[in-house]
Amino acid sequence: QLVLVESGGGLVQAGDSLRLSCTGSGRAFSDYVMGWFRQAPGKQRDFVAGISWSGGSTMYADSAKGRFTISRDNDKNTVFLQMNSLKPEDTAVYYCAATEEQYAYWKRLDKYDYWGQGTQVTVSS
């Protein structure tokens, strides 16, 4: 069992930045690919970004490219999502998740085995 806990969400204005953190415990965090997803009210949960166990490979949704950066610190069992130039449409609950799947499956929710409880990000215009 890998327990994931997100933090860092909040209420910000358009153009501001936030850094989300997700800390894992219980199993070998560094064994897992980590992903960030988000879910806006009334919408499906969507992939935002993913990072390999070593941090050497990353993947981003089109909406995140150029504005968001995913990184990880395996010594601290933590994955980060740096979000810059935030827009109102970024408002959502953000979830981190862990998978052992290969790169081709990183965008698929059903391939993730462990999920955090989510952290709310609200961007006002």
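To be clear, the structure that these remarks concern was listed above.
Attention in this report is confined to the structure presented alongside it. Because the structure is predicted, anything quoted here is derived from the model rather than measured.

**As for the environment of P41**
Point 1. Secondary-structure assignment places P41 in the loop between β4 (33–39) and β5 (45–51).
Point 2. By relative accessible area, which is 72% here, P41 ends up exposed.
Point 3. Along the primary structure P41 and A92 are separated by 51 residues, whereas in three dimensions their C-alpha atoms are 7.0 Å apart.

**Points about the state of the cysteines**
Point 1. On inspection of all chains with the given rule, the structure shows 1 disulfide.
Point 2. Put simply, C22 and C96 are joined by a disulfide, and their sulfur atoms are 1.9 Å apart. Here the S-S torsion is close to 50°, and the disulfide linking C22 with C96 is therefore right-handed. One end of the pair, C22, is in strand β3 (residues 18–25); the other, C96, is in strand β9 (residues 92–99), with 74 residues separating them in the sequence. In terms of burial, C22 and C96 fall into one category: buried.

Parameters and conventions
- Residues numbered from 1 in each chain as written.
- Predicted model: local features only at pLDDT ≥ 70, side-chain atom pairs only at ≥ 80, totals over all residues.
- Heavy atoms only, no water.
- Helix = DSSP H or I, 4+ residues; strand = E, 2+ residues; numbered from the N terminus.
- Buried < 20%, exposed > 50% of the residue type's maximum accessible area, 1.4 Å probe, protein only.
- Disulfide = S-S within 2.5 Å.

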